[in-house]
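Structural description and commentary
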Amino acid sequence: MALSHTILAVLSQQPYSGYDISKRFEESVSCYWQASQQQIYRELGKMEQQGWVVHETLPQAGKPDKKIYSLTEAGKGELVRWYAEPTEPTPIREDLLVKVLAAPYVADGLLLQELHRRRQLHCERLANYQAMEALYRAIAHPPRIEQFRYLTLRRGMRYEQDWIDWCDEVLDFLKTERDL
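Before going into details, it helps to say that this report is about the structure given with it. Because the structure is predicted, anything quoted here is derived from the model rather than measured.

**Let's talk about the overall build of the chain**
Per the secondary structure count, the chain includes seven helices and three strands. Sequence-ordered secondary structure for the chain, helices as α and strands as β, is α-β-α-α-β-β-α-α-α-α. In terms of C-alpha radius of gyration, the chain reaches 21 Å, well past the compact-globule figure of 16 Å for 180 residues. Every one of the 180 residues in the chain was classed for burial, and the buried ones make up 34%. Partitioning the contacts of the chain with sequence separation of at least 6, the portion at a separation of at least 24 is 60%. Accessible surface for the chain amounts to roughly 12200 Å². Of this, 55% is attributable to carbon and sulfur atoms.

**Examining the nonpolar core**
The biggest cluster of nonpolar side chains holds 19 residues, and the ones touching the most others in it are Ile7, Leu8, Leu11, Ile21, Phe25, Leu44 and Val53. Those elements that place two or more of their residues in this core are α1 (3-13), α2 (18-29), α3 (37-49), β3 (66-71) and α4 (73-83). No other element matches the five residues that α1 contributes to this core. Leave out the neighbours within four places in its chain, and Val53 touches Leu8, Leu11, Leu44, Met47, Glu48, Tyr69, Ser70, Leu71 and Thr72. With 10 residues, the next largest nonpolar core counts Ala103, Cys167, Val170 and Leu174 among its residues.

**Considering the sheet that holds strand β1 (residues 16-17)**
In spatial order, the strands read β1-β3-β2; together these three strands make up an open sheet with antiparallel pairing. Edge strands, defined here as strands with exactly one partner in the open sheet, are β1 and β2 (53-58). On the sheet, α1 packs against β1, β2 and β3 and is oriented at approximately 95° with respect to β3.

**Some words on a negative patch on the surface**
Taken together, the side chains of Asp162, Asp165, Glu169 and Asp172 make up a negatively charged region of the molecular surface. Within the secondary structure, Asp162 sits in helix α7 (residues 144-179).

**Remarks on the packing of α1 against α4**
Following both chains from N to C, one finds α1 and α4 inclined at 120°, their axes separated by 10 Å at the closest point. By the criterion of interaxial angle, the relationship of α1 to α4 is oblique. Read as a crossing pair, α1 and α4 show a hand that is left-handed. For the pair formed by α1 and α4, the contact residues are His5, Leu8, Ala9 and Ser12 on the first element and Gly75, Glu78, Leu79, Arg81 and Trp82 on the second.

Conventions adopted
Residues numbered from 1 in each chain as written. Predicted model: local features only at pLDDT ≥ 70, side-chain atom pairs only at ≥ 80, totals over all residues. Heavy atoms only, no water. Helix = DSSP H or I, 4+ residues; strand = E, 2+ residues; numbered from the N terminus. Rg over C-alpha atoms; globule rule 2.2 N^0.38 Å. Buried < 20%, exposed > 50% of the residue type's maximum accessible area, 1.4 Å probe, protein only. Contact = heavy atoms within 4.5 Å. Areas by Shrake-Rupley, 256 points an atom, 1.4 Å probe, with all protein chains shown as cover. Core = buried A, V, L, I, M, F, W, Y, C linked by side-chain atoms within 4.5 Å. Pairing = 2+ DSSP bridges. Axes fitted to C-alpha atoms, helices over the stretch in contact; angles between N-to-C directions. Patch = residues over 30% accessible without salt bridge, like charges linked within 9 Å, V, L, I, M, F, W, Y side chains within 5 Å. Salt bridge = Lys/Arg side-chain N within 4 Å of Asp/Glu carboxyl O. Lys, Arg positive; Asp, Glu negative; His and termini not counted. Charge placed at Lys NZ, Arg CZ, Asp CG, Glu CD. Parallel < 35°, antiparallel > 145°, perpendicular 65-115°, else oblique. Left-handed = near helix turned anticlockwise from the far one by under 90°.

Below is the structure:
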């Protein structure tokens, strides 16, 4: 999947500025797709050249003009074309797993420190997602779009919880190994 398809999916809801797209990424897709504002703006330029999006310029007093992007028929077609493709699991490239693999050859202190740091990071992300979940659960009858957003949030929550559990497993192993 390319960043462009994620942006197309976000713009399917309604037109947004590049800044607003970036905020949507932070608020609703960060648990499975990350992109900086710079990457989003660069991608929007490419998407406009491909005819997938167009922008309307809104003048702003004392600020640069705001570009509001919306999908074109070609953009909708690209989203549908991409959507029909089968998905493949994303390959894992995780430094921490390589460090665990190398653990027998280096001192445990650095690995312990990194495991605790990473566990804390995943706990913080999980807490953030749980706060988002609480907001969702406060909606009595969420619209369909929110229900699908919630499903992606749940996957992000499980991802973070799995990392926490795995860090705990490795920490327990290291503790047991030291106690032998």
